[in-house]
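Listed below are the residues making up each chain.
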Amino acid sequence: MRILSSKQQIENYIETAKIRKWGNEEEIEQKVRRIISDVKDKKDEALLYYTRMFDCKGICLNELRVVQEEIERAYFECEKEDSDFINALNAAYKNIYEYHMRQKEESWFYTKNGSLLGQIIIPLKKVGIYVPGGKGAYPSTVLMNSIPAKVAGVEKIIMVTPPDKNKSISKYTLAAAKICGIDEIYKVGGAQAVAALAFGTQIIPKVDKIVGPGNIYVATAKKLLFGYVDIDSVAGPSEVMVIADGSANPKYISADLLSQAEHDPMARCILVTTSLQIAQEVSENVDKMLARFEHSVAFEAIEKNGVIIVVDDLFEAAEIANIIAPEHLEICCNDAEKVLFKIRNAGAVFVGEYSPEPIGDYIAGPNHVLPTSGTASFFSPLGVYDFVKRMSLIKYSKEQFLTDAPHAINIAQKEGFLFHANSLKVRLEDV
Ligand SMILES: NC(=O)c1ccc[n+]([C@@H]2O[C@H](COP(=O)([O-])OP(=O)(O)OC[C@H]3O[C@@H](n4cnc5c(N)ncnc54)[C@H](O)[C@@H]3O)[C@@H](O)[C@H]2O)c1
Ligand SMILES: N[C@H](CO)Cc1c[nH]c[nH+]1
Ligand SMILES: [Zn+2]
């Protein structure tokens, strides 16, 4: 990994890193716009065309929907192969459910002079969840996407995930879908799946909101379709930043950096440390681990977006974290809490050496669908709040109306809205 230690090197890096550039953004956006417009116009025909082009040559339209028998078979095979996997999914379900129950919002009301005012929480009716599948299976993402929707009370959950070359979806993903009670599953992925959920096609229903992570094509499609449909956040290629002082364990740091590198060649892995020795040891360890696992995706990610920054103190490290706003931030320092309270911008923070990022990916409870590419400065982790909307309630009493209407008339007149004023006046005149 590159080690940056001079002020100039660090400044230059932050300048380019704070606005994430993919290099070929325009090209990707153009391609995604084309896919979106084709799916909007030609619906299933385009969906099938792109699914055949990117994922599975021989698939037919009537094979895009996963049938119940496929789900049952997948669950049965998983149980037969390793019943501990089903136990693990259930254990994760329990922790994720418990965490998300705490996010549940209640409607609230109050009365004032006989008036009733309030905010009513309403779950979304139909949501689409994207479960990545291009470079591997993501059963954990089925749980992370759907549990908050269930807790919120969403009526229908439609899942999309790309098929492999043999027209299949991973049995692990399907077993997780069975445990979560997903209503409909379609074997489509990428920008075409996002567009199908946003506009609806003959086979795929239009939804109110699309959530879930994916590669750059998925993230770009969600961004472009926001407005036709609601989205959660831009959860693109994974990122991890580790802040470490001299007390940290370089073996753990190297392992944690690589855990995100293996997601995508565009993943980003950053160590910010006050110790030159840790910097050097991590760099060597990462090379050794990469050689041992011979993982080409992780290798590419580390080559392209792996960096070690050596800073003077932990406050500078926290400042860099706040500028880059990483998806995951690990704090591995003696005085970790002191650093934690300086952090504003990160998707999720992992404190101490027994909180490696993958414990959050799978089992701890908080959601692993997190904002990336610097968007953690304004987006939040996926949560129950993503699956509800709020509706205001106003039920005025006559007494309160008589007190407040003259003020409202005054403001309406200043705005030049005479009919607004009139709507209030006709009632006052009747009293
Ligand atoms: N931020 C988060 O919360 C989070 C969580 C889990 C995973 N992730 C990320 O999800 C991503 C998963 O990516 P993946 O690729 O494995 O699966 P994916 O399902 O996101 O993408 C596969 C799809 O990409 C499309 N595609 C591939 N190459 C294309 C091309 N050249 N042109 C147009 N479309 C193309 C295809 O339609 C294919 O179906 C990774 O980047 C990982 O880091 C993020
Ligand atoms: N680290 C990913 C979020 O960026 C989530 C995940 C799922 N499986 C493994 N990891
Ligand atoms: Zn991960």
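Thresholds applied
Residues numbered from 1 in each chain as written. Chains lettered and ligands numbered in written order. Predicted model: local features only at pLDDT ≥ 70, side-chain atom pairs only at ≥ 80, totals over all residues. Heavy atoms only, no water. UniProt positions renumbered as here; feature names shortened; annotations may be inferred. Domains from an automatic or database assignment. Contact = heavy atoms within 4.5 Å. Buried area = accessible area lost by both parts, 1.4 Å probe. Salt bridge = Lys/Arg side-chain N within 4 Å of Asp/Glu carboxyl O. Polar contact = N/O pair within 3.5 Å; in protein donor to acceptor, adjacent residues only side chain to side chain. Nonpolar A, V, L, I, M, F, W, Y, C, P; charged D, E, K, R; others polar. Core = buried A, V, L, I, M, F, W, Y, C linked by side-chain atoms within 4.5 Å. Buried < 20%, exposed > 50% of the residue type's maximum accessible area, 1.4 Å probe, protein only. Helix = DSSP H or I, 4+ residues; strand = E, 2+ residues; numbered from the N terminus. Axes fitted to C-alpha atoms, helices over the stretch in contact; angles between N-to-C directions. Parallel < 35°, antiparallel > 145°, perpendicular 65-115°, else oblique. Left-handed = near helix turned anticlockwise from the far one by under 90°. Near = heavy atom within 4 Å. Areas by Shrake-Rupley, 256 points an atom, 1.4 Å probe, with all protein chains shown as cover. Donors = N, O, S within 2.8 Å, 3.2 Å for Na, K, Ca; no water. Tetrahedral: all angles 85-135°; square planar, octahedral: opposite > 155°, others 65-115°.

The protein chain is annotated in an unreviewed UniProt entry as Histidinol dehydrogenase of Caldicellulosiruptor bescii. Database annotation for the protein chain, UniProt heading Sequence similarities (unreviewed entry): "Belongs to the histidinol dehydrogenase family." As recorded by UniProt, the Pathway (unreviewed entry) comment attached to the protein chain reads in full: "Amino-acid biosynthesis; L-histidine biosynthesis; L-histidine from 5-phospho-alpha-D-ribose 1-diphosphate: step 9/9."

(A) Spotlight on the domain arrangement of the protein chain. Under the domain assignment, the protein chain is made up of domain 1 (2-22 + 237-377), domain 2 (43-233) and domain 3 (396-430). Centre-to-centre, using C-alpha coordinates, domain 1 lies 29 Å away from domain 2. Of the residues lining the interface, 18 residues belong to domain 1; the matching set on domain 2 comes to 21 residues. Here domain 1 and domain 2 share an interface that buries about 1400 Å² over both sides, 64% of which is from carbon and sulfur atoms. Our count for the contact surface shared by domain 1 and domain 2 stands at zero salt bridges. In this assembly, domain 1 and domain 2 are joined by five residue pairs in polar contact (both at pLDDT 80 or more). When its residues are assigned to classes, the side of domain 1 that touches domain 2 shows eleven nonpolar, five polar and two charged.

(B) Spotlight on the nonpolar core. If you look at the biggest cluster of nonpolar residues, it comprises 42 residues, and the most contacted ones within it are Val142, Leu143, Met159, Ile182, Ile185 and Phe387. Mapped by element, the contributors of at least two residues to this core are helix 4 (68-81), helix 5 (83-101), strand 4 (126-130), helix 6 (139-152), strand 5 (156-160) and helix 7 (171-180). Each residue touching Val142, except ones within four places of it in the same chain, is listed here: Val131, Met159, Thr173, Ala176, Ala177, Cys180 and Ile182.

(C) Up close: the side chain of Ser283. As for its placement among the helices and strands, Ser283 is situated in helix 11 (residues 276-293). Each residue touching Ser283, except ones within four places of it in the same chain, is listed here: Met1, Ile3 and Ile308.

(D) Up close: the packing of helix 10 (residues 250-261) against helix 11. Helix 11 packs onto helix 10 with a crossing angle of 55° between their chain directions and a minimal axis gap of 8 Å. Looking at the two axes, helix 10 sits oblique to helix 11. Our pair here, helix 10 against helix 11, has a crossing hand that is right-handed. Counting all contacts with helix 10, which are made through Pro250, Lys251, Ile253, Ser254, Ala255, Leu257 and Leu258, the residues of helix 11 involved are Ile278, Glu281, Val282, Asn285, Val286, Met289 and Leu290. When the residues that make up the contact of helix 10 with helix 11 are grouped by side-chain class, the tally is ten nonpolar, two polar and two charged.

(E) The arrangement of the site of ligand 1 in detail. Around ligand 1 sit 29 residues in total, of which Tyr130, Lys135, Asn215, Ser238 and Asp264 are the nearest. A distance of 2.8 Å is found between an oxygen atom of ligand 1 and a backbone nitrogen or oxygen belonging to His368. Starting from 870 Å² of accessible surface for ligand 1 in isolation, the protein chains cover 91%. Elements with a minimum of two residues in the shell around ligand 1: helix 8 (190-199) and helix 9 (216-225).

(F) Highlighting the coordination of the zinc ion (ligand 3). Surrounding the zinc ion (ligand 3) are the protein donor atoms His263 (NE2) and Asp361 (OD), which sit 2.1 Å from the metal. Viewed at the metal, the four donor atoms of the zinc ion (ligand 3) are separated by angles of 85 to 177°, and the geometry they form is irregular. In this pair, His263 sits in the loop between helix 10 and strand 10 (268-273) while Asp361 sits in helix 15 (residues 357-362), placing the two residues 98 residues apart along the sequence. Exposure remark for Asp361: the relative accessible area of 9% places this residue in the buried category.

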